[in-house]
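Inside the fold
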Amino acid sequence: MKKCILIFDDDQEILFVCKVILEKQNYRVETRTRCDNIIEDIREIKPELILMDVRIPEIGGEKAVKLVKDNEDITSIPIILFSANTEIEEICKRSNANGFLPKPFDVTDLLAMVQKKLEVRHQVK
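Here the structure is a predicted model, which is why all the values come from computation and not from measurement.

Calculation notes
Residues numbered from 1 in each chain as written. Predicted model: local features only at pLDDT ≥ 70, side-chain atom pairs only at ≥ 80, totals over all residues. Heavy atoms only, no water. pLDDT = per-residue confidence, 0-100. Helix = DSSP H or I, 4+ residues; strand = E, 2+ residues; numbered from the N terminus. Buried < 20%, exposed > 50% of the residue type's maximum accessible area, 1.4 Å probe, protein only. Arc of directions from axis to C-beta. Contact = heavy atoms within 4.5 Å. Polar contact = N/O pair within 3.5 Å; in protein donor to acceptor, adjacent residues only side chain to side chain.

**Quick notes on the confidence of the model for the chain**
Overall, the predicted model of the chain reaches an average pLDDT of 93, with 96% of residues at or above 70. Per-residue pLDDT, averaged within each element of the chain, yields its smallest value for helix 5 (residues 107-124) (86) and its largest for strand 1 (residues 4-8) (98).

The structure is reproduced here in structure tokens:
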């Protein structure tokens, strides 16, 4: 069964590019342009990993990550923040995200980060 990655980003082009890149690596990819129903979306989709834009509409990426990390049944899902925000490292620490990737990012860096976080998650299980 393919591992699922859920991407939250309001930029359709970023969603498309990430989806194509990750699907070529044999991942199942689901996308959302908003995170106002993040908990419900996660429980429905059951992703192995989440990519979260910091500036996603409604509640924003930082608050969205905190919501996920405060929910016991989904807190173990790794979340990688990605953004052009120069404070991404600090936002990652404040929100308790599992990693960050500055935009624009190199495809190799994206794939390496995804693989690393998925490996760590499955070692913990």
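The rest of the description comes next.
**Structural notes on helix 3 (residues 61-69)**
In an α-helix, one turn spans 3.6 residues; hence positions three or four apart end up facing the same way. Within helix 3, burial applies to Gly61, Glu62, Ala64, Val65, Val68 and Lys69. Along helix 3, the residues classed as buried sweep out an arc of 165° about the axis, all on the same side. The secondary structure elements touched by the buried residues of helix 3 are helix 2 (38-45), strand 3 (49-53), strand 4 (79-83) and helix 4 (88-95).

**Comments concerning the environment of Glu30**
Mapped onto the elements, Glu30 comes out in strand 2 (residues 28-32). Linking Glu30 and Val65, residues 35 residues apart in sequence, is a C-alpha distance of 17 Å. Polar side-chain contacts of Glu30 include one of 3.1 Å to the side chain of Arg28.

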